[in-house]
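Here's the letter readout for the chains.
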Amino acid sequence: VQLQASGGGLVQPGGSLRLSCDASGRAISGGTVGWFRQAPGKEREFVAAVHRRGGSIYYADSVKGRFAISRDNAKNMVFLQMNSVKSEDAAVYYCAADWSLITSSIGVASDYDYWGQGTLVTVSS
């Protein structure tokens, strides 16, 4: 399984950006795909995920109402729409996937088996 994250770049505060996670090697429709981020000097933190069972969606409180995760099974891709971006959203964003994740582990980075390389989001006016 390979994951390719893309779409990062420079965005102004209040602006929008859409990140993409392109999966190959296994159908994401049967897996859980999550987005995590890591800012300099900070630990990797959970952002959002769509779970394999029923497509339930989860968000970190810090992004709830501003970010939206979606999945396109036909394209085997997952997206993260980032709206009303804040300076504290600046980080390297990673997509991760797992095909046996339980819901209680949805926000636990170490429980995901597959990771993309990360895409940098810079927030600046």
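Please read all numbers here as calculations on a predicted model, not as lab measurements.

Cut-offs applied
Residues numbered from 1 in each chain as written. Predicted model: local features only at pLDDT ≥ 70, side-chain atom pairs only at ≥ 80, totals over all residues. Heavy atoms only, no water. Phe/Tyr/Trp six-rings, centres within 6.5 Å; stacked < 30°, edge-to-face > 60°. Helix = DSSP H or I, 4+ residues; strand = E, 2+ residues; numbered from the N terminus. Buried < 20%, exposed > 50% of the residue type's maximum accessible area, 1.4 Å probe, protein only. Lys NZ or Arg CZ within 6 Å of the ring centre and 35° of its normal. Pairing = 2+ DSSP bridges. Core = buried A, V, L, I, M, F, W, Y, C linked by side-chain atoms within 4.5 Å. Contact = heavy atoms within 4.5 Å. Polar contact = N/O pair within 3.5 Å; in protein donor to acceptor, adjacent residues only side chain to side chain.

*Asks:* How do you make sense of the packing of aromatic side chains when you look at a structure like this?
*Replies:* Each aromatic ring pair is specified by the distance between its two centres and by the angle formed by the two planes. In total, this model carries 6 aromatic pairs according to the counting rule given. Ring geometry for phenylalanine 36 against phenylalanine 46: centres 5.6 Å apart, planes inclined by 70°, an arrangement best described as edge-to-face. Here the residue phenylalanine 36 occupies a position in strand S4 (residues 32-38), and phenylalanine 46 occupies one in strand S5 (residues 45-50), the gap between them amounting to 10 residues. When its relative accessible area of 1% is taken as the criterion, phenylalanine 36 is described as buried. By relative accessible area, which is 15% here, phenylalanine 46 ends up buried. In this structure, arginine 18 packs its charged tip against the face of phenylalanine 79, placed 4.1 Å from the ring centre.

*Asks:* Just to check I follow, could you spell out the pairing of strand S7 (residues 67-72) for this structure?
*Replies:* The pairing of S7 with strand S8 (residues 77-82) spans 6 bridges and is antiparallel. Within S8, the position partnered with alanine 68 by the bridge is glutamine 81. Connecting S7 to the next strand, S8, in antiparallel fashion are 4 residues, including asparagine 76 with a positive phi near 55°.

*Asks:* What's the story with the nonpolar core in this structure? I'm lost.
*Replies:* Buried together is how nonpolar side chains tend to be arranged in soluble globular proteins. In terms of nonpolar packing, the biggest core is built from 36 residues, with Leu19, Trp35, Val47, Leu80, Met82, Tyr93 and Val121 touching the most fellow members. Every element with two or more residues in this core is listed here: strand S1 (2-6), strand S3 (17-24), S4, S5, S7, S8, strand S9 (91-98) and strand S11 (119-123). With sequence-adjacent residues up to four places away left out, valine 121 is seen in contact with Gly8, Gly9, Val11, Leu17, Leu19, Met82, Asp89, Ala90, Ala91 and Tyr93.

*Asks:* Explanation requested: the side chain of asparagine 76 in the structure shown.
*Replies:* Along the chain, asparagine 76 falls in the loop between S7 and S8. Residue asparagine 76 is classed as buried on the basis of its relative accessible area of 14%. At 3.0 Å, the side chain of asparagine 76 and the backbone oxygen of alanine 23 are in polar contact. Those residues in contact with asparagine 76 that sit more than four places away from it in its chain are Cys21, Asp22, Ala23, Ser24, Arg26, Ala27 and Ile28.

None of the figures reported here should be taken as evidence of function without further support.
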